[in-house]
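Structure at a glance
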Amino acid sequence: MSPAIRHRLRMLFGTRLGLSTAGRACAVQFGLLSGAAQLYLTFWPDSSLPRGATFIAIACLALVGGTLRSWPRDRISHEFVRPGFRVTISVGDLFGQPCHLVIGSNDVFDTDTQDDLLIVRRSVQGQFLHRVYAGDVARLDDELNAALLGTEPARVEERASKRAGKLTRYPVGTVAVLGSPEQRYFLIAYGTMGNDLTVSSGPDQLWRGLGELWRAVHLHARREAVAMPVIGSDLARIDSMDHGSLVKLILLSFVTRSRQSVVCKELTILLHPRDYERVDMLELAAFLRTL
């Protein structure tokens, strides 16, 4: 049995929410099938239909049908009517999405992936450099400098204190908007690159950064679809929150801001396939409904 199947079984039968979801689905299936059987016996009361075997068959079919209907998916979506926008949580490749993208960054907007010292090549930032800019650090830095031209730095570090990387720090929550109107890239500084070259962040920093992100998306994305990773879940790990909690924080921030005015018509939160087993999709679907 594959790890993905085992994870779905744990979500469905190993949690209270999963059991209640499956139980309701099975009960609905049983009611429909038993109703059909009663209707049949009403019209053909002299039928030789075996009562005991029929009951067992209905129970088995209801169990199978209910399980299939409540089976955890790798993609969930919810439509909000007022105002109109859609939120989707899906497993997939961020850079394969045909829409504007959000890229997590740090407060100095480091870009270099050499030796994985500053930015790890496999991270979203590292992939952004190599898949979008073909590894051209100079071009990316030039465009970042242009995007940040009107932003007041928080401070500038001394080289003696920070042995590698950039020295100019920007306030947490700063968003650098790159790309063209057809394909925007929103680089959000939600963490602090320490002088020891490790990134740290927290729920407060992430919440503040998300607020600035939605403002930038509202201004530059033309209400078009936007996709983003679960920021805060990789190398800038927010230790006090697991993947599911981070997704909920992003959802809550986005929906709260969208109640004021539409940020974009659709937000897709992409889970990396290796992170899928860390997230309970049934719980996230229920959370979406409460919003």
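These notes cover the structure that comes with them. Since the model is a prediction, treat every value here as computed from it, not as a measurement. (Residues numbered from 1 in each chain as written. Predicted model: local features only at pLDDT ≥ 70, side-chain atom pairs only at ≥ 80, totals over all residues. Heavy atoms only, no water.)

Before going further, it helps to spend a moment on the pattern of salt bridges. This model, assessed by the stated rule, comprises eleven salt bridges. Among the salt bridges present, the one from Lys-166 reaches Asp-141, with a minimum N-O distance of 2.8 Å. One end of the pair, Lys-166, is in the loop between strand S4 (155-156) and strand S5 (168-169); the other, Asp-141, is in helix H5 (residues 137-147), and 25 residues separate them in sequence. By relative accessible area, which is 22% here, Lys-166 ends up partly exposed. Note on Asp-141: relative accessible area 17%, which makes it buried. (Salt bridge = Lys/Arg side-chain N within 4 Å of Asp/Glu carboxyl O. Helix = DSSP H or I, 4+ residues; strand = E, 2+ residues; numbered from the N terminus. Buried < 20%, exposed > 50% of the residue type's maximum accessible area, 1.4 Å probe, protein only.)

Close contact between helix H6 (residues 203-220) and helix H7 (residues 243-260) brings their axes to 10 Å; oriented N to C, the two are set at 45°. By the angle between their axes, H6 is oblique relative to H7. Seen along the crossing, H6 lies across H7 with a hand that is right-handed. Residues Pro-203, Leu-206, Trp-207, Leu-210, Gly-211, Trp-214 and His-218 of H6 form the contact with H7, whose participating residues are Leu-246, Leu-249, Ile-250, Leu-252, Ser-253, Phe-254 and Arg-257. (Axes fitted to C-alpha atoms, helices over the stretch in contact; angles between N-to-C directions. Parallel < 35°, antiparallel > 145°, perpendicular 65-115°, else oblique. Left-handed = near helix turned anticlockwise from the far one by under 90°. Contact = heavy atoms within 4.5 Å.)

What follows covers the nonpolar core. Formed by 41 residues in total, the largest nonpolar core has its most connected members in Ile-89, Leu-210, Leu-213, Trp-214, Met-228 and Phe-254. Of all elements in the fold, only strand S1 (75-80), strand S2 (85-91), strand S7 (183-193), H6, strand S9 (226-229), H7, strand S10 (266-271) and helix H8 (281-290) reach the threshold of two or more residues within this core. In contact with Met-228, not counting residues within four places along its chain, are Leu-94, Val-102, Leu-210, Leu-213, Trp-214, Ile-250, Leu-267, Thr-268, Ile-269 and Leu-270. Residues Leu-94, Leu-101, Phe-109 and Ala-189 belong to the second largest nonpolar core, which totals 20 residues. (Core = buried A, V, L, I, M, F, W, Y, C linked by side-chain atoms within 4.5 Å.)

With that settled, the discussion passes to unusual backbone geometry. Positive phi, close to 60°, is recorded for Asp-115, a residue that is not glycine. Assignment of secondary structure puts Asp-115 in the loop between strand S3 (100-106) and helix H4 (124-132). Given the relative accessible area of 71%, Asp-115 is considered exposed. In this structure, Leu-197 is a non-glycine residue whose phi angle is positive, near 70°. The residue Leu-197 is located in the loop between S7 and strand S8 (199-200) in this model. A residue is classified by how much of its surface remains accessible, and Leu-197, at 10% relative accessible area, is buried.

Here the focus is the environment of Glu-152. Residue placement: Glu-152 occurs in the loop between H5 and S4. When its relative accessible area of 64% is taken as the criterion, Glu-152 is described as exposed. In sequence terms Glu-152 and Thr-174 are 22 residues apart; their C-alpha atoms lie 9.8 Å from each other. Those residues in contact with Glu-152, other than ones at most four positions away along the chain, are Tyr-170 and Pro-171.

Together, Leu-39, Tyr-40, Phe-43 and Trp-44 give the surface a local cluster of nonpolar side chains, amounting to about 480 Å² of exposed area. Within the fold, Tyr-40 resides in helix H2 (residues 16-43). (Patch = residues over 30% accessible without salt bridge, like charges linked within 9 Å, V, L, I, M, F, W, Y side chains within 5 Å. Areas by Shrake-Rupley, 256 points an atom, 1.4 Å probe, with all protein chains shown as cover.)

Keep in mind these numbers describe shape, not what the thing actually does.
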